[in-house]
Amino acid sequence: MAQITFDNLAHSYLPAPKADADWALKPMSLTWRDGGAYALLGSSGCGKTTLLNIISGLLHPSRGRVLFGDRNVTDLSTAERNIAQVFQFPVVYDTMSVRENLAFPLKNRGMPADQIAARVDAVARMIGMTDTLDRRARGLTADAKQKISLGRGMVRQDVNAILFDEPLTVIDPQMKWELRTQLKALHREFGHTMIYVTHDQTEALTFADEVVVMSEGRVVQAGTPQSLFDAPAHTFVGYFIGSPGMNLLDAEIQGTTARIAGTTIPLAAPYAPPKGRVQIGIRPDAVRPASEGLPFRLIRTEDVGHHRILRGEVAGAPFNLVVPEDQPIPAAFDRVALDPARIGVFVDDWRIEPLERAA
Amino acid sequence: MTTARASRGSAVVMTLYLLFLLVPIYWLVNMSLKTNAEITGTFSLWPQNPTLRNFRVILTDPSWYMGYINSLIYVVMNTVLSLAVALPAAYAFSRYRFLGDKHLFFWLLTNRMAPPAVFALPFFQLYSAVGLFDTHIAVALAHCLFNVPLAVWILEGFMSGVPREIDETAYIDGYSFPRFFTRIFMPLIASGIGVAAFFCFMFSWVELLLSRTLTSVNAKPIAATMTRTVSASGLDWGVLAAAGVLTILPGALVIWFVRNYIAKGFALGRV
Amino acid sequence: MDKPVNNRAWFLVLPVLVLVAFSAVIPLMTVVNYSVQDTFGNNQFFWNGLGWFQEVLESDRIHAALGRQLLFSAIILAIEIPLGIFIALNMPKRGFWASLVLVLMALPLLIPWNVVGTIWQVFGRVDIGLLGHTLAALGIDYNYVNDPVDAWATIIVMDVWHWTSLVALLCYAGLQSIPDAYYQAARIDQASRWGVFRYIELPKMSGVLLIAVLLRFMDSFMIYTEPFVVTGGGPGNATTFLSIDLVKMAIGQFDLGPAAAFSLIYFLVILLISWVFYTVMTAQRDRT
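Residues numbered from 1 in each chain as written. Chains lettered and ligands numbered in written order. Predicted model: local features only at pLDDT ≥ 70, side-chain atom pairs only at ≥ 80, totals over all residues.

Describe the overall build of chain C, naming the residues involved and giving the relevant values.
Helix and strand counts for chain C stand at 12 helices and 2 strands. Its C-alpha atoms put chain C at 75 × 70 × 35 Å along the principal axes. Expressed as a percentage of the 288 residues in chain C, the buried residues total 43%. Across chain C, every contact between residues at least 6 apart in sequence was considered, and the portion connecting residues at least 24 apart equals 69%. (Helix = DSSP H or I, 4+ residues; strand = E, 2+ residues; numbered from the N terminus. Buried ≥ 20, exposed ≤ 12 C-beta atoms within 10 Å, placed from the backbone. Contact = placed C-beta atoms within 7 Å.)

In C-alpha cells, the structure reads:
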C-alpha cells in the first residue's frame, strides 16, 4: 500500500496536441493518502476514465509522473504496479468455478496452496458467496459475477490500490445499495486505498472520503463531500452536486451587496470589484419564500417525501427552493430571501473568496 | 517491452502465412504472363518476356469469355433468388414460433451437409426431364440447395439482433407488412443482406461439380471451360493460367467491397 | 424473448419450401427410388429391396474410400483448427493492416475449386512448378503423380492453403468480440499468455470453433473438385475419396442402383458425424 501522487500529469490522445481541447486530461497535480477512499466524479467524457487508465498503467501519460509512495511507476506495466481493478461490467473467467476465480490472482503469483485456500475462504465470506464457491461462474447472475470481480480485487492483501470503474452500472438498484455498503465496510476493515470512478454523485458522496470532480479534462475541485456541497470551487461542481443543483444568477457585486436584475441583496462579506462574468450561487435549501427579496415566479411544486422542491425562475433564470416537510409554504408569494452566509460568488465560473477571509 | 516482442512475433507469423497463401497465386499470375515456350523451356521466377497474349486469347475468343458471362449470370441469379426466398423465411424464423419451426430450420441446415456428388445425377435427370438442362436457371436453382439454407441462417442471426419493438411500432403506425419489410426492416439489416449475398456469391462462384453436370454449351461456366480445354488442346499452360487469374478477379473485387462487413458477418458465428 | 406463436408464418417460409423441395427433395426421392430398384439399362426398373445397400455396405472398394475419407478429414481438422486459431491470435486487431490481411486471407476462399486444383497441380509439378522444382533442386524425390504419399501431402497442403483462412477468420471474429477489460483483468491478475488463451480467449471462441469444426468436417468430407483436378483420384486409388468414387460410379459407370444406395449412406454418415461433433462440443461447452 502506498500514497499515490500525480505530478504535473497530462494526457492527450493526439500525437501533437495544440489547442486546449486536444487534451483529454489537462495538467494536474494531486496527492492521495495511503488507505483513503477516493471518488472520481464527472459526466462521461470528462477525463475520469483517462485518469484511471493512467493509474492502472493501461495508458502512458503524455506528460508528468505517477508515484506510488516514492516510487515512480509511470513506465511500469500494469502487472508491476500491483493494483487491483473492478470493471464496469463483470469480468469473470467463465469456465472456472467461483473458487478458482478468486484463487486465480494468488495462484499466478505462486502463493502456497494452504494460504490461497484460507484467503479465498475469507474473501468468499466477505462477499457472501461461501455457498456458491464451487459453482461455475458462467451461469451466475450479473450481480453475483460482479461480486466475484469485487472479490478478485480484494483477494490480494498487498495491493497498492483497488480501482473501481463504475462497478455498479449493471447492478439492480437495491443490490447497488447493498454492495456499496459492503464496499464501505471492506474499506474500513482492510484499509486499502480505493479509487472509485463514477458519474453518480450519490455513489461518489456516500463512498468517498474525498471526491475529485472532473469536467472537460480538468480537475475542478477535490475535497470532502461536505466542502463540495458547501463551497463548490466551480459553477460545474455547484450544479453537478446536489439535487437539485446550485442556483446560479448573473449579478453585479459592489462591496457587500449583489445587484440582480435591479434588486439589491446583502452579502456576508465584502468582495473586491471582480472582472469578467460574475454570478452568485446559492443552494436551494438556503433560500426561503418571503415577502421581500428577489422577485420569484413559481412554476411547480414537487413533493419528494421529506422535503418539497419549488421550481421557478428569478430574472428569467431557473431557480429552485428546497423547503422541509414541516415548514409551511405561504399560499402566495412572489419573492425569495437568500441566506447571505451561504451565497458564493463566481467569476468566469470559478469561486472567489471575500476580501476579509482572503486577507 | 514484451508487447513489442510479441507484436514482432505476430508480424513474422502473419508474413509467413501470407507468403504461403500468395506464392501459389503469384506463380499462376507469373505463368499467365509468359509464353508457353518460356513456361516449359526455362525456369524463371518472373516472366523474362512478359506477354499479354494469353489474356488476349481469352478476351477475344467467345468460347472462353462466354464462360465468364455464363458464370456471372447464374451466380447473380442464384444470389438474387436465394435472398428473395430466404428473407421472408428468416423473418418468420426470427420473429414467430409456428408448427414445426425447429424441425424445419434443422432440416434446412441439413441440406448444407448434402454432398453435391449425391445430387449431381438426380439433378441432371430432373432438369433434363423439365427441359431446363443447359440453362443458367438450372445451375442457379441447383446452387440454391446449399445457398438458401446458408442465407436463411445468416439472415436469421442478423434479424434476431433487431429488437421486435421496431416491428410493433411500425404496425401501430399503420404500415402494411410488405411496406414495413421493404422500407424499414431491410435497411436495418442491410449489412446482414450484404454478408448473405457475399456468401451466396462465393459458394456459387466456386462450385464446379453441379454447374458442370448441368450444362453443356449454352450455359457452360468458365470453370468447366477450363477443365475441358486442358484435356482437348493439350497443354496450353499460359492460357490456362490466364483463365485461372481471371477467375480470381471477381472474388477479389467482391472481398474488397465487403471487407468491413466480413468480420461482422463472421462475428455472428454464422457462415 | 418469447416469440409469439403464429402459424401464418408458414406463408413466409413457403417460398423456401417450394424451392428446396425442387432442389433437394425431388432429387433425393429420385435417389431413394434408384436405391431400391434395378435395371438392365432399358429404362425398365424392378424392385431390388435393400440389395444395393447390402452390396455397398459389403464393398471393399467403398470401405477403402471411406477409410481414406475419414483419415483425410481427421488430418485436415487436426491441422487446420489449431493452425487457424494460431493465425487468428496473430492477426492485427485494427487499422489498415487488419483490413489488408483480412482481404488477402479471404482470397483463396473465393477461387473456384477447380482453379484451386489447377494452381496446386501446376505449383507442384517438377518441371514447371515452383514447389516441385524447388523440392527437386533440394534433392527431395517428390512426385505427386506417381507417389501416393506425395499425392496425399500435396492435397493436404492444398486444403490447408485453401481453407485455414476460414477457420482463422471465424476465430478472429470470436476474438474481436472480447472486451479489452478482460485482457486488462488478466494483466492485473498476472495471468500467463497461456492462461489468457486458456481462460479468456478459448472460452470466448467456443461458439465459432464449433461452427469451424462442423464446416471443415462437412466440406472436407464432401471434397471432390480439388483432388480430382490434381490427381484424378490417383495414383491408383490412393486419393479416391468418397465423392470421387461416387461420381465415378454414378456418371462414369452409370451404376445407378449402387450409386444411389451409396449416396444415401454417404449423406447419413455426414449427418451422423456432424451430429456427434455438435453434441460432444456443446456438451463440452456447457460442462466447462
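Report on the arrangement of the chains, specifying residues and quantitative values.
Between all 2 pairs of chains that are in contact, chains B and C come out with the most contacts. Left apart from each other, chain A and chain B have a closest C-alpha approach of 9 Å.

So what's going on with the interface of chain C and chain B? Which residues, and what values?
The accessible area lost on association of the parts is a frequent measure of interface size. Across the boundary between the two partners, chain C contributes 74 residues, which contact 76 residues of chain B. No other element matches the 15 residues that helix α1 (residues 9–35) of chain C contributes to the side of chain C that touches chain B. By residue class, the composition of the side of chain C that touches chain B is 57 nonpolar, 16 polar and 1 charged. (Nonpolar A, V, L, I, M, F, W, Y, C, P; charged D, E, K, R; others polar.)

Hey, could you go over the sheet that holds strand β2 (residues 25–32) of chain A for me, with residue numbers and the actual values?
Strand pairing in a sheet is mediated by backbone hydrogen bonds. Such pairs are either parallel or antiparallel. Residue and element names in this part refer to chain A. A sheet is described by the order of its strands in space; here 4 strands give the open sequence β2-β1-β4-β5, paired in antiparallel fashion. For this open sheet the edge positions go to β2 and β5 (71–72), each flanked by a neighbour on one side alone. Two strands pair when backbone bridges link them, and strand β1 (residues 4–11) and β2 are joined in this way by 5 bridges, in the antiparallel orientation. Opposite His 11, over in β2, you have Leu 25 as the bridge partner. Here helix α1 (residues 48–56) sits on the sheet in contact with β1, β2 and β4 (63–68), set at roughly 125° to β1. (Pairing = 2+ DSSP bridges. Axes fitted to C-alpha atoms, helices over the stretch in contact; angles between N-to-C directions.)

Break down the domain arrangement of chain A for me, with residues and values.
Residue and element names in this part refer to chain A. Taken domain by domain, chain A consists of domain 1 (4–240) and domain 2 (247–358). Of the residues lining the interface, 7 residues belong to domain 1; the matching set on domain 2 comes to 8 residues. Looking at the side of domain 1 that touches domain 2 residue by residue, the class counts come to 4 nonpolar, 3 polar and no charged. (Domains from an automatic or database assignment.)

Please set out the interface of chain C and chain A residue by residue, giving values where relevant.
Across the boundary between the two partners, chain C contributes 14 residues, which contact 17 residues of chain A. Of all elements in the fold, only α8 (180–188) and α9 (193–221) of chain C reach the threshold of two or more residues within the side of chain C that touches chain A. The biggest single contributor to the side of chain C that touches chain A is α8(C), with 6 residues. Classifying every residue of the side of chain C that touches chain A gives 8 nonpolar, 4 polar and 2 charged.

Give a detailed account of the pairing of strand β9 (residues 210–215) of chain A, specifying residues and quantitative values.
Within a regular beta strand, the side chains point alternately toward one face of the sheet and then the other, so they alternate between its two faces. Residues and elements named next belong to chain A. In terms of residue burial, β9 counts as a mostly covered element, since 5 of its 6 residues are buried. Summarising the sheet, strand β3 (residues 37–41) and β9 pair through 4 bridges and their orientation is parallel. Within the sheet, the bridge partner assigned to Tyr 38 lies in β9 and is Glu 210. Relative to strand β10 (residues 218–223), β9 is paired through 5 bridges, and the arrangement is antiparallel. Counterpart to Val 212 in the pairing with β10 is Ala 222.

Describe the UniProt feature "domain: ABC transmembrane type-1" (unreviewed entry) in chain C, naming the residues involved and giving the relevant values.
The sites that carry the UniProt feature "domain: ABC transmembrane type-1" (unreviewed entry) are, in the present numbering, residues 66–277 of chain C. Across residues 66–277 of chain C, helical content stands at 77% and strand content at 0%; the span's end C-alpha atoms are separated by 18 Å. (UniProt positions renumbered as here; feature names shortened; annotations may be inferred.)

Any chance you could break down the packing of helix α3 (residues 60–90) of chain C against α9(C) for me, citing the residues and the numbers?
Residues and elements named next belong to chain C. At a minimum axis separation of 9 Å, α3 and α9 run at an interaxial angle of 145°. Read as a crossing pair, α3 and α9 show a hand that is right-handed. Contacts between α3 and α9 pair Gln 69, Phe 72, Ser 73, Ile 76, Leu 77, Glu 80, Ile 81 and Gly 84 from the former with Ala 212, Val 213, Arg 216, Phe 217, Ser 220 and Phe 221 from the latter. Considering only residue class, the contact of α3 with α9 consists of 8 nonpolar, 4 polar and 2 charged. (Left-handed = near helix turned anticlockwise from the far one by under 90°.)

Report on helix α6 (residues 116–129) of chain B, specifying residues and quantitative values.
Because the α-helix completes a turn every 3.6 residues, residues three or four places apart line up on one side. Residues and elements named next belong to chain B. Taking 1.5 Å per residue as the helical rise, α6 with its 14 residues ought to reach 20 Å, and the 19 Å between its terminal C-alpha atoms agrees with that figure. The largest bend in α6 amounts to roughly 30° and is located at Pro 122. The buried fraction of α6 amounts to 10 of the 14 residues, a majority that puts the element mostly inside the structure. Within α6, the full set of buried residues consists of Pro 116, Ala 117, Val 118, Phe 119, Ala 120, Leu 121, Pro 122, Phe 123, Leu 126 and Tyr 127. (Expected span 1.5 Å × (residues − 1). Bend = angle between axes of the 7 residues up to and from the residue.)

I'd like a rundown of the sheet that holds strand β20 (residues 335–338) of chain A, residues and numbers included.
Taken together, the 3 strands give an open sheet; going across it, the order is β15-β20-β16 (chain A), and neighbouring strands pair in antiparallel fashion. Of all the strands in the sheet, the pair left with one neighbour each is β15 (287–290) and β16 (294–295) of chain A.

Give a detailed account of the pairing of strand β11 (residues 247–250) of chain A, specifying residues and quantitative values.
Residue and element names in this part refer to chain A. Residues Asn 247 and Leu 249 point to one face of β11 and are all buried, whereas Leu 248 and Asp 250, pointing to the other face, are not buried. Both β11 and strand β14 (residues 278–282) contribute to a ladder of 4 bridges, which runs antiparallel. Across the sheet, residue Asn 247 finds its bridge partner in β14, namely Ile 282.

Residues and numbers for the confidence of the model for chain C, please.
All names here are of chain C. Within chain C, residue pLDDT values average 83, and 94% of them lie at 70 or more. Ranking the elements of chain C by mean pLDDT puts strand β2 (residues 45–47) last, at 66, and α3 first, at 91. Predicted as a complex, the structure gets a pTM of 0.81 and an ipTM equal to 0.83. (pLDDT = per-residue confidence, 0-100.)

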